[in-house]
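Structure at a glance
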Number of protein chains: 2
Amino acid sequence: MPPHTQGRRSVAAAHQPTAQKEVIDLRPPRGTRDFPPEDKRLQAWLFDHFAAVTQSFGFEMVDYPVLESEALFIRKAGEEIVDQLYNFEACYKGDKGGRRVALRPELTPSLARLVLSAGAGRPLPLKWAAVGQCWRYERSTRGRRREHYQWNLDVVGVAGVEAEAELLAALVAFFRRVGLGPADVGIRVSTRALLGAVLEGAGVPAAAHPAIYVAVDRADKLPIAAVEAELGALRVPPAAIDALLRTLRIRDVGALSEVLPPDSPAARDLVVLFDLAAAYGIADWLHFDAGVVRGLAYYTGIVFEGFDRAGALRAVCGGGRYDRLLSSLGGADLPCAGFGFGDAVIVELLRDRGLLPDLGRRVDDVVHALEESLRPQACAAAAALRAKGRSVELVLEPKRMKWVLKHAERCGAARLVLLAPEEWARGEIKVKDLSSREERMVVGVEGLCQLE
Amino acid sequence: MPPHTQGRRSVAAAHQPTAQKEVIDLRPPRGTRDFPPEDKRLQAWLFDHFAAVTQSFGFEMVDYPVLESEALFIRKAGEEIVDQLYNFEACYKGDKGGRRVALRPELTPSLARLVLSAGAGRPLPLKWAAVGQCWRYERSTRGRRREHYQWNLDVVGVAGVEAEAELLAALVAFFRRVGLGPADVGIRVSTRALLGAVLEGAGVPAAAHPAIYVAVDRADKLPIAAVEAELGALRVPPAAIDALLRTLRIRDVGALSEVLPPDSPAARDLVVLFDLAAAYGIADWLHFDAGVVRGLAYYTGIVFEGFDRAGALRAVCGGGRYDRLLSSLGGADLPCAGFGFGDAVIVELLRDRGLLPDLGRRVDDVVHALEESLRPQACAAAAALRAKGRSVELVLEPKRMKWVLKHAERCGAARLVLLAPEEWARGEIKVKDLSSREERMVVGVEGLCQLE
């Protein structure tokens, strides 16, 4: 065995620039995150819950490139998501004909692209799921991140609100899994067909509706006068603005008759959806709220958003029906509904409620040779335990027992496996259970593997 | 229940451009991949094996932004990876002071950055793992992809080759898990200290070595005269070129004495490493080969690469020791060793060997209401089965039994749960086991949940 350099005992915090190279900024780029082990464990915990609900509801995972053609995302309805597109020229290095590309701001347009390409010819419905990183570019970022991960579920090919009911049930299943109840989180539900009927009644042509929905979505954040001004700029007639604002104040599905005929498809969709929600056992999570519009131009029917009942946070998740997105990409339309669920607000909410788990590092065994001459035996013991399916941290340098005990604690190890010269002379290995403090001797690596 | 539009039965393949919008290219951007469900299942299978070995060897998962400061990757040693950097200006939109950024070409510089930032003050060694997408930009791409995923394991803070032995054991553990044996895959091992000693003996200063290693790495792909010319252009004296080329031909660790003194650290490292490999039980996978250099400038010691013994494919994986990367980022150096393992070559290799698994869609139950009036009961049954932990595909539209049976087959369902009017009138639900074809009746949703 070679002599070992024990080296520094921890990573030096000092930043020592050298002459050869400009000093590198050690922070991740502005608005982005690193995931050191503890953050990555939390992310894995969250994503495991996303995956479990995905599987529980029979959705299939898919994925798309984080970099897409810019044209996929450009829409002319004044959406914030399009204004903040993280786009650039892929061809700046000089090869002609390169396309303008963008780091995707959301997953739905990519889903639509995949439905029309790889999805072509598949039997419907498609129930597809994805978890992917999404990007936005803001000139001034004060604490707002430029990237987040989003979990999406989408149902393609189901025209009825049975699709939305399934999506809402999946959201509630997620909330329940992470320990949230209907007193913590609610889901506001409405339909754009309601505002659509009001606008149509006021003579506003359908092509103008998406930009109006995007403007109305800001009603939450802007003073009412600003929204009125914005709608005026979109040439919405004053009578239609009045009707819109009156409709947005409705908080009770029974009051819909004030603005809709009793046989309207919008009212029928809502009634059926709330009946289905009762069958799923999720009625106490849902509320009708005509003020929910969502800020994406492509929604055409039911829209919904999850919210924190304490009122402290932005929307937890949001989604709806988008029956005309495929044709905007040049394909034949299919009925679609889906939701996006970000990784940021939910973690804030769970932290507020004390529901984030305590996720330490975990291994089954720490294996240590008390003398370097026993290193080959330690390697063999580690290899045998790993082959058995155990997670093993092998101490790779000569270390004192005090360090090894501390290290085993840091690793969250269940057992300590020690190769000591005297015991090994008898062919024995010491195994210490770190919770019970019990010690036992086993004969050889075979004896070790027969434990438990 | 509302009347249902049965709609088209599959996604239309036809591409129907509309007048309003330019036609979107439905392919993913050049050199990138979509992952429809079957491809995503294969990726998940591969990544699960990466994760299992990561856990088995006691490594902790971390992650970094896919977008990094360009400066993190720029090195002046003629590496292909730097020439093909997928970089651009983050500030093209006009805000001043933006940094030049790049889609990361590899994970190791980000690891080094994280070690110096979030890693500061942590006890050593760090054993960190990551699976991340890496990018390159080539002007002409003929079948070569611009992105791939890479699994990395890195040990930070261990100066001895015990770190490399652990990394090699992890590689072999992966190969064994996916069904490959030492007759399929080998790992070539050498050390840059060997070429370093030869160059030093010929009077070439250490600062010139990294660029020479990068040039030597091309020896595999270029005619020997081209390599000699490249080394000449780097001002390597002819005697040193001769000594280098002679050394590269050595295929037997016993022949090292021809170029190294017997007490050289390079030879000692190799002897210890091969002894440790024997202790781990992986000796038959490893071969000494002085011609292994690897194309990254930062390696300083042991280097290795996994290869397909049939000789048909590029390197399966590669890694080595890089003890001076941290100081190049302005930090204090620590001994480091690691490897990168791509998702492309291994899949080609496994496909060649017939070792790719047959991964169909899988759900536990398909739940179907034979009449729309029973939809609430079907929703309740699905909800109850899901709450029990089962994966449930609920049929969301009125469908004929023939379609439902076909659909259950496509979903890989284990059971079919049917709500039929006559049976439900008696409070009963029919459950059909789809492998045994056995049918049984249960009483209500409670009876359903008590099955098994």
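Think of each chain on its own: its residues are numbered from 1, step by step along the sequence as written. Both sets of labels track the order of writing: A upward for chains, 1 upward for ligands. Given that this is a predicted model, residues contribute local features only at a pLDDT of at least 70 and side-chain atom pairs are listed and counted only at 80 or more, while totals for whole chains, interfaces and linings are drawn from all residues. Based on all heavy atoms of the structure, the side-chain values leave hydrogens and waters out of the count.

**Some details on the relation of the copies chain A and chain B**
Superposing the copies works by least squares over the C-alpha atoms of residues that have pLDDT at least 70 in both of them. After a rotation of 180° and a shift along the axis of 0.0 Å, chain A superposes on chain B with an RMSD of 0.0 Å. The relationship between the two copies is best expressed as a two-fold rotation axis. Proximity to the rotation axis, assessed at the C-alpha, singles out Phe88 of chain A in chain A; its C-alpha lies 3.8 Å from the axis. We call two residues in contact whenever any of their non-hydrogen atoms come within 4.5 Å of each other. Both copies share a contact surface, since 100% of the interface residues of chain A are interface residues in chain B too.

**What to know about the sheet that holds strand β12 (residues 363–369) of chain B**
Residue and element names in this part refer to chain B. By definition, two strands form a pair when at least two bridges between them are found by DSSP. A run of H or I in DSSP counts as a helix once it spans at least four residues, and a run of E counts as a strand once it spans at least two, with each numbered from the N terminus. Strand order in the open sheet formed by five strands is β13-β12-β14-β15-β16, with mixed pairing between adjacent strands. Edge positions in the open sheet fall to β13 (392–394) and β16 (439–443), since each of these has one partner strand only. Adjacent strand axes in the sheet meet at a mean angle of 25° when their direction is disregarded. Bridging between strand β15 (residues 428–433) and β16 involves five bridges; their strand directions are antiparallel. Bridged to Lys432 within β16 is Glu439. Each axis is a line fitted through C-alpha atoms, and for a helix only the stretch in contact is used; angles between axes span 0 to 180 degrees, taken between their N-to-C directions. Across the sheet, helix α13 (residues 401–410) is in contact with β12, β13 and β14 (413–419); its angle to β14 comes to roughly 155°.

**Re the environment of Ser56 of chain A**
Residue placement: Ser56 of chain A occurs in helix α1 (residues 37–56). Burial status follows relative accessibility: with a 1.4 Å probe on protein chains alone, a residue under 20% of its type maximum counts as buried, one over 50% as exposed, and anything between as partly exposed. The exposure class assigned to Ser56 of chain A is buried, which follows from its relative accessible area of 13%. Sequence separation between Ser56 of chain A and Ala173 of chain A is 117 residues, and the spatial gap between their C-alpha atoms is 9.1 Å. Setting aside chain neighbours within four positions, we find Ser56 of chain A in contact with Arg386, Arg390, Ser391 and Val392 of chain B.

**Brief notes about the interface of chain A and chain B**
Each side of the interface is counted separately: chain A has 125 residues, and chain B has 125 residues. When two parts are put together, the accessible area they lose, computed with a 1.4 Å probe and summed over both, is reported as buried area. In this assembly, chain A packs against chain B so that about 10600 Å² is buried in total across both faces, 56% of it on carbon and sulfur atoms. Salt bridges are defined by distance alone: a side-chain nitrogen of Lys or Arg within 4 Å of a carboxyl oxygen of Asp or Glu. The tally of links from chain A across to chain B stands at 14 salt bridges. Whenever two N or O atoms come within 3.5 Å, that pair is a polar contact, provided that in protein one can donate a hydrogen and the other can accept it, and provided that, for residues adjacent in sequence, both atoms are side-chain atoms. For the pair chain A and chain B, the number of links is 26 residue pairs in polar contact (both at pLDDT 80 or more). Charged means Asp, Glu, Lys or Arg here, nonpolar means Ala, Val, Leu, Ile, Met, Phe, Trp, Tyr, Cys or Pro, and polar covers whatever is left, Gly included. Partitioned by chemical class, the residues of the side of chain A that touches chain B number 64 nonpolar, 23 polar and 38 charged.

**Observations concerning the sheet that holds strand β10 (residues 317–321) of chain B**
Pairing within the open sheet is mixed, and its eight strands lie in the order β1-β5-β6-β11-β10-β9-β7-β8 (chain B). Here the strands that pair on one side only, and so sit at the sheet edges, are β1 (60–61) and β8 (286–288) of chain B.

**Section: the domain arrangement of chain A**
Frequently, the measure chosen for interface size is the accessible area that the parts lose on association. In this entry, domain limits derive from an automatic or database-based domain assignment. What the domain assignment reports for chain A is domain 1 (37–352) and domain 2 (365–450). Of note, the centres of domain 1 of chain A and domain 2 of chain A, computed from C-alpha atoms alone, are 53 Å apart.

**So, the environment of Ala408 of chain B**
All names here are of chain B. The residue Ala408 is located in helix α13 in this model. Note: C-alpha distance between Ala408 and Asp364 (44 residues apart in sequence) is 9.7 Å. If sequence neighbours within four positions are ignored, Ala408 has contacts with Val366, Ala413 and Leu434.

**Some remarks on the pattern of salt bridges**
For the structure shown, the criterion picks out 70 salt bridges over all chains. Linking Glu305 of chain A and Arg188 of chain A is a salt bridge whose minimum nitrogen-to-oxygen distance equals 3.5 Å. With a gap of 117 residues between them, Glu305 of chain A in strand β9 (residues 302–308) and Arg188 of chain A in strand β7 (residues 185–191) connect regions that are remote in the sequence. For Glu305 of chain A, a relative accessible area of 11% puts it in the buried group. A network of salt bridges, in which partner residues are shared, links Arg41, Arg361, Arg386 and Glu393 of chain A together with Glu60, Lys127 and Glu166 of chain B.

**Comments concerning the nonpolar core**
Counting 83 residues, the largest nonpolar core has Phe174, Phe175, Phe341 and Ile346 of chain B as the members making the most contacts within it. For this core, the leading source of residues is helix α4 (residues 162–177) of chain B, giving 10 residues. With residues up to four places along the chain from it excluded, the contact list for Phe175 of chain B reads Leu180, Val185, Ile187, Trp285, Val316, Cys317, Phe341 and Ile346 of chain B. Nine residue types can take part in a nonpolar core, namely buried Ala, Val, Leu, Ile, Met, Phe, Trp, Tyr and Cys, and a core is a set of them joined through side-chain atoms within 4.5 Å. Val53, Leu153 and Phe175 of chain A together with Ala369 of chain B belong to the second largest nonpolar core, which has 82 residues in total.

**Considerations on the pairing of strand β15 (residues 428–433) of chain A**
Residue and element names in this part refer to chain A. As judged from the four bridges shared by strand β14 (residues 413–419) and β15, these two strands associate in the antiparallel manner. Bridge assignment links Leu416 to a residue of β15, and that residue is Lys432. Following β15, the chain reverses through five residues before pairing antiparallel with strand β16 (residues 439–443); Arg437 in that reversal takes a positive phi of roughly 65°.

**Re the state of the cysteines**
All names here are of chain B. By definition, disulfides here are pairs of cysteine sulfur atoms that lie within 2.5 Å. If you walk through the whole model with that rule in mind, you get zero disulfides over all chains. In this structure Cys336 is a free cysteine whose sulfur lies 18 Å from that of Cys134, the closest cysteine sulfur available. Cys336 sits in the buried class, given a relative accessible area of 1%.

**Quick word on the UniProt feature "binding site: L-histidine" (unreviewed entry) in chain A**
Residues and elements named next belong to chain A. UniProt positions are given in the numbering used here, feature names are shortened, and annotations may be inferred rather than shown by experiment. Using the residue numbers shown here, the UniProt feature "binding site: L-histidine" (unreviewed entry) corresponds to Glu106, Leu107, Thr108, Arg136, Gln150, Asp154, Arg294, Tyr298 and Tyr299. Here Asp154 shows up in strand β6 (residues 147–156). On the basis of relative accessible area, Asp154 is assigned to the buried category, the value being 3%. With sequence-adjacent residues up to four places away left out, Asp154 is seen in contact with Phe59, Leu111, Leu126, Lys127, Trp128, Tyr322, Ala337, Gly338 and Phe339. In this structure, Tyr298 sits in the loop between β8 (286–288) and β9. Overall, Tyr298 belongs to the buried group, its relative accessible area being 7%. Not counting residues up to four positions away in its chain, the partners in contact with Tyr298 are Arg75, Glu106, Thr108, Arg192, Arg321, Tyr322 and Leu325. At 2.4 Å, the side chain of Tyr298 forms a polar contact with the side chain of Glu106.

**Quick look at the packing of helix α5 (residues 192–201) of chain B against helix α8 (residues 238–248) of chain B**
Residues and elements named next belong to chain B. One way to put it is that α5 packs onto α8 with a least axis distance of 9 Å and a crossing angle of 155°. Taken together, the axis directions place α5 and α8 in an arrangement best described as roughly antiparallel. Note on packing geometry: the crossing formed by α5 with α8 is right-handed. Mapping the contact onto sequence places Leu194, Leu195, Val198 and Leu199 in α5 and Ala243, Leu244, Thr247 and Leu248 in α8. Of the residues that constitute the contact of α5 with α8, the class distribution is seven nonpolar, one polar and no charged. Any angle from 65 to 115 degrees is called roughly perpendicular, while one under 35 is roughly parallel, one over 145 is roughly antiparallel, and all others are oblique. When the near helix sits turned anticlockwise from the far one by under a right angle, the crossing is termed left-handed; a clockwise turn instead gives a right-handed crossing.

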